Amino acid sequence: MKFFVDTADIAAIKELNDLGMVDGVTTNPSLILKSGRAIAEVTAEICALVEGPVSAEVVAEKAEDMIAEGRHLAKIADNVCVKVPLTWDGLKACRVLTDEGRKVNVTLCFSSAQALLAAKAGATFISPFIGRLDDIHLEGMDLISDIREIYDNYGFETEILAASIRTVNHIVDAARIGADVITAPPSIIKSMITHPLTDKGLAQFDADWKQTGQKIL
Ligand code: E4P
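A quick note: this is a predicted structure, and the numbers were derived from the prediction, not measured.

Right, let's talk about the packing of helix H8 (residues 140-154) against helix H9 (residues 168-177) for a bit. As a packed pair, H8 and H9 sit with axes 10 Å apart at the nearest point and diverge in direction by 20°. Taken together, the axes of H8 and H9 are roughly parallel relative to one another. Here the hand of the crossing between H8 and H9 comes out right-handed. Residues Met-141, Ile-144, Ser-145 and Arg-148 of H8 form the contact with H9, whose participating residues are His-170, Asp-173, Ala-174 and Ile-177. When the residues that make up the contact of H8 with H9 are grouped by side-chain class, the tally is 4 nonpolar, 2 polar and 2 charged.

As C-alpha cells, then:
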C-alpha cells in the first residue's frame, strides 16, 4: 500500500519523507489556504522534496478552463498530478489531460457510480472521501469495498486513493480491503505507532535493565 500525505506543510512532509514513508502528496485549495503560501511556490517545493506524484487541484468550473489550469500546474514539475473534481467538466478535463500523458487524480468521489465514470475517463487515481461520508452517517469504508470490487471485475487500472482519512482504523480497514493508496494527514500516519502495550512493555524493560546495573556501551 502506498502512503500519500494530505498536507502542504513542508516540515511535516519532510519528517515522514526522511523515513521513506512518503510515496506521494495530496493538496487541495483548503490545504493551500492553511499553508498560507502561493500554490505554485509550495507545490514546487513539495515536488522537489518528494519523488512520487504530488496532487495539485484545479479550481475552474468549465472543462476548457480546468485543462488550461491543469497544463499550467503540470509545468511546475514532472511529478505534478492534476486533481480535478468529479463533475462532467472534471471528467472531460481528465480525459484530455490523461490523453496528453499527464497523471490525473479525480477527487470528491462519494459513490461507486462516480468512480466507475472516473475509471472510464482514464483517471490515474480516484479519491473516495471516507471521512466525509462517515460525517453524514454513511459507511465510508463500504465505498472503498464497492469500488475495489467493480475495478477488479473489469481490470480497471485506476488506483483507489482512499481519502478524507480521519482515523488509524480508516487506514487499516482500507489496507484490508485493498485500496492501492491512502492519503492522510501526517498526524494520523504518526499516530499509527501508538499502542499502550508498547509503552507498558518498554517501561518494564527499562526498569528491569536499570536493576541489572549493566551498560551496552
Ligand atoms: C484528498 O485528496 C483530500 O485532500 C482530503 O483527503 C480531504 O480530507 P478532509 O475530508 O479531511 O478535508
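Moving on, there is more to tell.
With that out of the way, let us pick up H8. Helical periodicity: at 3.6 residues per turn, an α-helix aligns residues three or four positions apart in one direction. In this model, H8 (15 residues) spans 22 Å end to end at C-alpha, consistent with the 21 Å of a helix rising 1.5 Å per residue. Along H8, the residues that are buried comprise Gly-140, Met-141, Leu-143, Ile-144, Ile-147, Arg-148 and Tyr-151. Buried residues of H8, viewed axially, fall in a sector of 145°; they line one side. Those residues of H8 that are buried are in contact with strand S5 (104-109), helix H6 (112-120), strand S6 (125-128), helix H7 (130-135), strand S7 (159-162) and H9. After H8 finishes, the residue Gly-155 shows a positive phi value of roughly 70°.

Each regular strand carries side chains that alternate between the two faces of the sheet. Where burial is concerned, most of S5 is hidden: 5 out of the 6 residues are buried. Sheet analysis places strand S4 (residues 80-85) next to S5, joined by 4 bridges and oriented parallel. Across the sheet, Val-84 pairs through a bridge with Val-106, a residue of S5. Each parallel crossover has a hand, and the one from S4 via helix H5 (residues 88-99) to S5 is right-handed. Looking at chain direction, S5 and S6 are connected through 3 bridges and run parallel. Its bridge partner lying in S6, Val-106 is registered against Ile-126. A crossover connection joins S5 to the parallel S6 through H6; in handedness this β-α-β unit is right-handed.

Another point: the site of the ligand. Taken together, Asp-6, Thr-26, Asn-28, Lys-83, Phe-129, Arg-132, Ala-163, Ser-164, Arg-166 and Thr-183 are the residues near the ligand. In this structure, Asn-28 approaches the ligand through a side-chain N or O atom, which is 2.7 Å from an oxygen atom. Within the side chain of Lys-83, one N or O atom sits 2.7 Å away from an oxygen atom of the ligand. In isolation the ligand has 340 Å² of accessible area, and contact with the protein removes 86% of it. Of the residues in the shell around the ligand, the class split is 2 nonpolar, 4 polar and 4 charged.

Residue placement: Thr-27 occurs in the loop between strand S2 (24-26) and helix H2 (29-35). The class for Thr-27 is buried, based on a relative accessible area of 1%. What Thr-27 contacts, discounting residues up to four positions off in sequence, is Thr-7, Ala-8, Ile-32, Ile-46, Ser-55, Ala-56, Glu-57 and Lys-83.

It is worth spelling out the sheet that holds S7 at this point. With respect to topology, 8 strands assemble into a closed barrel ordered S1-S2-S3-S4-S5-S6-S7-S8, the strand pairing being parallel. Between one strand axis and the next, the sheet turns by 30° as a mean value, whatever way the strands run. Lying on the sheet, helix H4 (residues 63-74) is in contact with strand S3 (54-57) and S4; it crosses S4 at an angle near 160°.

Cut-offs applied
- Residues numbered from 1 in each chain as written.
- Predicted model: local features only at pLDDT ≥ 70, side-chain atom pairs only at ≥ 80, totals over all residues.
- Heavy atoms only, no water.
- Axes fitted to C-alpha atoms, helices over the stretch in contact; angles between N-to-C directions.
- Helix = DSSP H or I, 4+ residues; strand = E, 2+ residues; numbered from the N terminus.
- Parallel < 35°, antiparallel > 145°, perpendicular 65-115°, else oblique.
- Left-handed = near helix turned anticlockwise from the far one by under 90°.
- Contact = heavy atoms within 4.5 Å.
- Nonpolar A, V, L, I, M, F, W, Y, C, P; charged D, E, K, R; others polar.
- Expected span 1.5 Å × (residues − 1).
- Buried < 20%, exposed > 50% of the residue type's maximum accessible area, 1.4 Å probe, protein only.
- Arc of directions from axis to C-beta.
- Pairing = 2+ DSSP bridges.
- Right-handed = clockwise from strand over helix to strand, strands pointing away.
- Near = heavy atom within 4 Å.
- Polar contact = N/O pair within 3.5 Å; in protein donor to acceptor, adjacent residues only side chain to side chain.
- Areas by Shrake-Rupley, 256 points an atom, 1.4 Å probe, with all protein chains shown as cover.

So, to be careful, I would describe these as geometric facts and stop short of saying anything about function.
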